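Examining the three-dimensional arrangement
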Amino acid sequence: MTWETVIGLETHVELATRTKIFCSCSTAFGGAPNTHCCPVCTGMPGTLPVVNRKVVEFAAQAGLALNCEITRYNKFDRKNYFYPDLPKAYQISQLYLPIARNGHVPIVTEAGEKEIRIHELHMEEDAGKLVHDPWIDQTRCDYNRCGVPLIEIVTEPDFRTADEVIAYLEKLKSTLEYLGVSDCKMQEGSLRCDVNLSVRPLGSETFGTRTEMKNLNSFKAISRAIKYEARRQIELLEEGKRVIQETRRWDDNKDATFSMRSKENAQDYRYFPEPDIPPLELSEEYLTSLRERQPEMAEARRERYQREYGLPAYDAGQITAQKALVDFFEETVALGAPPKEAANWMLGDMMRRLKDEEMEPKDMKLTPANLAALIRMIAQGRINRNTASRVFRAVFPDNADVETYVREHGLEQVNDAGAVEAAVAKVLEANPQTVSEYRAGKQKVLGFLVGQVMKQLKGKADPKAVNAALRAALQ
Amino acid sequence: MNGLRNLTALQLGAAIRRGEVSIPEAVETALEAAGEAGCNAFITFTAEQARKRAEELQKGLKDAAGPLYGVPMAIKDNICTKDVKTSCASKILGDFAPPYDATAALRLEEAGVVSIGKTNMDEFAMGSTTETSFYGPTLNPWNRGHVPGGSSGGSAAAVAGRSCWFAVGSDTGGSIRQPASYCGITGMKPTYGTVSRYGLIAYASSLDQIGPLARDAADCAAVLDAIQGQDPRDGTSLSFEAGGLLASLDGDIRGMKIGIPADCFGDGLNAEVRSAVLGVADVLRARGAEVVNLSLPVMEYVVPTYYIIAAAEASSNLSRFDGVKYGWRAEGYEDLVDLYCKTRTEGFGAEVKRRILLGTFVLSSGYYDAYYRKALQVKGLIKEAFDAACAKCDLLLTPVAPTTAPKLGESLSDPLQMYLSDIYTVSVNLAGLPGLSMPCGFDAAGMPIGAQLIGPALGDRNVLRAAYAFQQDTTWHTAAPAMAGKGGSEL
């Protein structure tokens, strides 16, 4: 039998507001435990939440960018459950009137174009973190993350492959980054994804029993978890067993999912309207002003880069896929670097370094100003391309100043004809055999001689000048 | 200093400004009286802080000091006071001392009052008698065999027993007005949203409101002038023009229309209470008010609606008391769930547990629509009925409670009967309106009777104006229980 995999996503995204959703504590990641909290976000008795309007603005902007209908009359609800990372024993969320509904996101995969429907987007507060200390066998609570604003974006079950899921997440990430509403760092937990997955015989109209997978900390993990879980369910069904509706935890080391809790043990969250927060009304004027302030998104920018800068479609697409690259590119160009040169360096040397270091563009120290300086030095003929690549590798980790580095390492190009001629003479004298071979018509040994001269000059010469000097000397 | 103890808060404030009484003298008088009263009105005395503050205030006394400057008062133990134990009269909070002040407490401090301590109450404000306190019941100063009412029973007893000049309490379903009535003092629940709830440990967030318990309407007005006003820390606090209540009291209520809802004077109302409350209408009429009869056909729904909504919110609000972060923690637990269960089983009293269970039930999946959602709808209808009644008159006059203060131990044996006695007060919270309780007589046993004035939303001023006018022509509010003002313990 041919099986079809059906997937829906619930994505939690931390919003990049400076302060928390219901108090003025910092949202900064990390910090010593319990240093970014106050009586409000730790739910001390008598304290009250007051909504951060920036959170509403960011959530509405995200809703608009995902083509959702925005709810004018917003309410918050309480989701009640006991857990030590949730100091009020309820999470303030939105159940009955989420801020955005009925959106859609176009995605492109190798299989073609497709539209993913957004069921809803709602605002809520994050919980704290429990840190287990195996040394003393105690669990400690860190409430720094309590009250960090989140939006949860729930799709319809529209995905059929892991590729579609990844394409959607890339698109979502890029959209939120363009809006500037989240930094979407998966490794810091600011973008977290739960995957609902079921399988059914191809052509079937009804859905199979689904499982929900948690603890997916990278796109790679999501992709592998989807493949694993689909196979697990298909095997169960083919053996005549049934899939149990449950929450499963992905274990990245074991490359498998494990049962966390079944539906029978599902909690009753006893949702009810949050009485401490009055309803929020969003006016038409407010939404209009948000629409007008929406930034230029990826597609528009990609077209503009092709049109204005003459970048190849592929390059423009690569850069616009990530807001951090767009920002870097535009700043480098603004500092005088030719756009094509800037793009080449970014997509070549820079991407290679990022890949080798397993880094995200937004985490690198290298600045556009430094790359622009490097490009300028090549254009001025002060360093050659090979040297520039070396310099780039060297300054990349700590953003060491390019000019200083070149000067301190004596890497400026040798443009002194006398020095080149002297080196040529020395090399010819040391390699009589090769010289004879060349003169006998074996032209390809010239490359070896060029290399030897460059070595003499410690690579700092212009290879074209060396080539010309050698040819002249061998005449 | 009997004379001193029988002054109103405003009279004492004036005497302090005139230099006739020093603030330390007033504080010593209060501490001594509170110590001698023997009504168990206080959970915590803050004598040392009060003495120190009295000295500082005395030094800072200026001619332009406010009307309550230097006046000793008390704060209900569910209102957070920085570094001072705030227990909600529950075992589960242990010796919890919050690192912050409630906004209302801060505003009172700015007005220059001196808190002498934290008053007893029903545990988490759940109860009508102050008998559910972990710290034992408060006794009624008029007769120690009777309850003072609740849940702000400690505040009411402290004021009635002349241990302090006023107190602040909280009112979720009558918790200021009913004990004020049982103790023969004046108490007011202002319009929902006019006093910040920041720092008030929540029972039912949509109904809770802080207000004064005092000797008379003028004192209540002065306290509300100090504590009312929008607070950026409370999203439900209203934007409105606060202040000026005290200045508005002129005794002139000519043309004011007082509505008497027949639905509040039917079966179940004690005859002595009924006649004393209706007597208020005669006094107001004699002062030039117009009295009209009207109907309020929602009274049969108010008690069930209140107990569903209040219990639901309470079940969620009280979930944070789990022994993990602060307060009291049970010993000998095996794991996390056991820690929760043991702490909450041992830490909460029976009435609190009853309401948590009720609230958890009405919010459960499968029952939410039948109970909670329906209660919210009925709440809307109750509000509409009150709005309609308020459109026909300026104020409503009703009883506060069907009877005078019951005897100790009588109520807890029959919680349902106790819930039903909240009928005249809970509707005011459900509709978010201002309501005031003032003394209007005594029953044959010598226990005080209270009358309730209810105004439209943000109509707090007219409520106080009418009560003030009434108190110009009556002396019920000046009567003191025999034990008070004598400085002795002959009772």
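First things first, this report covers the structure right here in the doc.

About the thresholds
- Residues numbered from 1 in each chain as written.
- Chains lettered and ligands numbered in written order.
- Predicted model: local features only at pLDDT ≥ 70, side-chain atom pairs only at ≥ 80, totals over all residues.
- Heavy atoms only, no water.
- Contact = heavy atoms within 4.5 Å.
- Buried area = accessible area lost by both parts, 1.4 Å probe.
- Salt bridge = Lys/Arg side-chain N within 4 Å of Asp/Glu carboxyl O.
- Polar contact = N/O pair within 3.5 Å; in protein donor to acceptor, adjacent residues only side chain to side chain.
- Helix = DSSP H or I, 4+ residues; strand = E, 2+ residues; numbered from the N terminus.
- Nonpolar A, V, L, I, M, F, W, Y, C, P; charged D, E, K, R; others polar.
- Buried < 20%, exposed > 50% of the residue type's maximum accessible area, 1.4 Å probe, protein only.
- Phe/Tyr/Trp six-rings, centres within 6.5 Å; stacked < 30°, edge-to-face > 60°.
- Core = buried A, V, L, I, M, F, W, Y, C linked by side-chain atoms within 4.5 Å.

A few words on the interface of chain A and chain B. On the chain B side, the residues contacting the 30 residues of chain A number 40 residues. For the pair chain A and chain B, the summed buried surface comes to about 2700 Å²; carbon and sulfur atoms form 61% of the total. Looking at the side of chain A facing chain B, the largest losses of area belong to Pro45(A), Phe82(A) and Arg270(A), adding up to 23% of the total buried there. Our count for the chain A to chain B interface comes out at one salt bridge. Taken together, chain A and chain B are joined by 12 residue pairs in polar contact (both at pLDDT 80 or more). Those elements giving two or more residues to the side of chain A that touches chain B turn out to be β4 (77–80) and β15 (272–273) of chain A. Its residues placed into classes, the side of chain A that touches chain B shows 21 nonpolar, four polar and five charged.

Here the structure, examined in full by the defined rule, presents 60 salt bridges over all chains. Note that Glu330(A) and Arg304(A) form a salt bridge whose closest N and O atoms lie 3.2 Å from each other. Here the residue Glu330(A) occupies a position in helix α7 (residues 323–334), and Arg304(A) occupies one in helix α5 (residues 298–309), the gap between them amounting to 26 residues. For Arg304(A), a relative accessible area of 15% corresponds to the buried category. With its nearest N and O atoms 3.4 Å apart, the salt bridge here joins Lys85(B) to Asp95(B). Here the residue Lys85(B) occupies a position in the loop between β2 (72–76) and α5 (103–110), and Asp95(B) occupies one in the loop between β2 and α5, the gap between them amounting to 10 residues. Connected via shared salt-bridge partners are Glu296(A), Arg301(A), Arg304(A), Glu308(A) and Glu330(A).

Applying the stated criterion across every chain, the model contains 28 aromatic pairs over all chains. Relative to Tyr368(B), the ring of Tyr96(A) lies with its centre 6.0 Å away and its plane at 20°, an arrangement referred to as stacked. Of the two residues, Tyr96(A) is situated in the loop between β5 (90–93) and β6 (100–109) and Tyr368(B) in the loop between α13 (350–363) and α14 (369–392); the pairing between them involves two chains. Since its relative accessible area comes to 9%, Tyr368(B) is described here as buried. With a centroid separation of 5.3 Å and an interplanar angle of 40°, the aromatic rings of Phe96(B) and Tyr326(B) are classed as tilted. With a gap of 230 residues between them, Phe96(B) in the loop between β2 and α5 and Tyr326(B) in the loop between α11 (299–317) and α12 (336–347) connect regions that are remote in the sequence.

A few words now on the nonpolar core. Residue and element names in this part refer to chain B. Core analysis: the biggest nonpolar cluster contains 159 residues, and Phe124 and Phe166 have the highest contact counts within it. Among the elements that take part in this core, α11 stands out by supplying 10 residues, more than any other. Phenylalanine 166 has contacts with Ala9, Leu68, Val71, Pro72, Met73, Ala74, Leu108, Val113, Val159, Leu213, Ala214 and Val223, leaving out every residue within four places of it along the chain.

Moving on: the environment of Ala127(A). Residue and element names in this part refer to chain A. Examined against the element boundaries, alanine 127 turns out to sit in the loop between β7 (112–125) and β8 (129–133). A C-alpha to C-alpha distance of 9.5 Å links alanine 127 and cysteine 41, two positions 86 residues apart in sequence. Here alanine 127 is in contact with Asp85, Leu86, Arg145 and Cys146, once residues within four sequence places are set aside.

Negative phi values dominate among residues other than glycine, just as trans dominates among peptide bonds. With an omega dihedral of 10°, the bond running from Gly150(B) to Ser151(B) counts as a cis peptide bond. Considering the arrangement of structural elements, one finds Ser151(B) in the loop between β3 (114–119) and α6 (153–160). Phi at Asn67(A) takes a positive value of approximately 60°, unusual for a residue other than glycine. With respect to the helices, strands and loops of the structure, Asn67(A) is situated in the loop between α1 (53–65) and β2 (69–70). Overall, the relative accessible area of 36% leaves Asn67(A) in the partly exposed class. Phi at Asn102(A) takes a positive value of approximately 55°, unusual for a residue other than glycine. Inspection of the secondary structure assignment puts Asn102(A) in strand β6. Judged by relative accessible area, which is 44%, Asn102(A) ranks as partly exposed.

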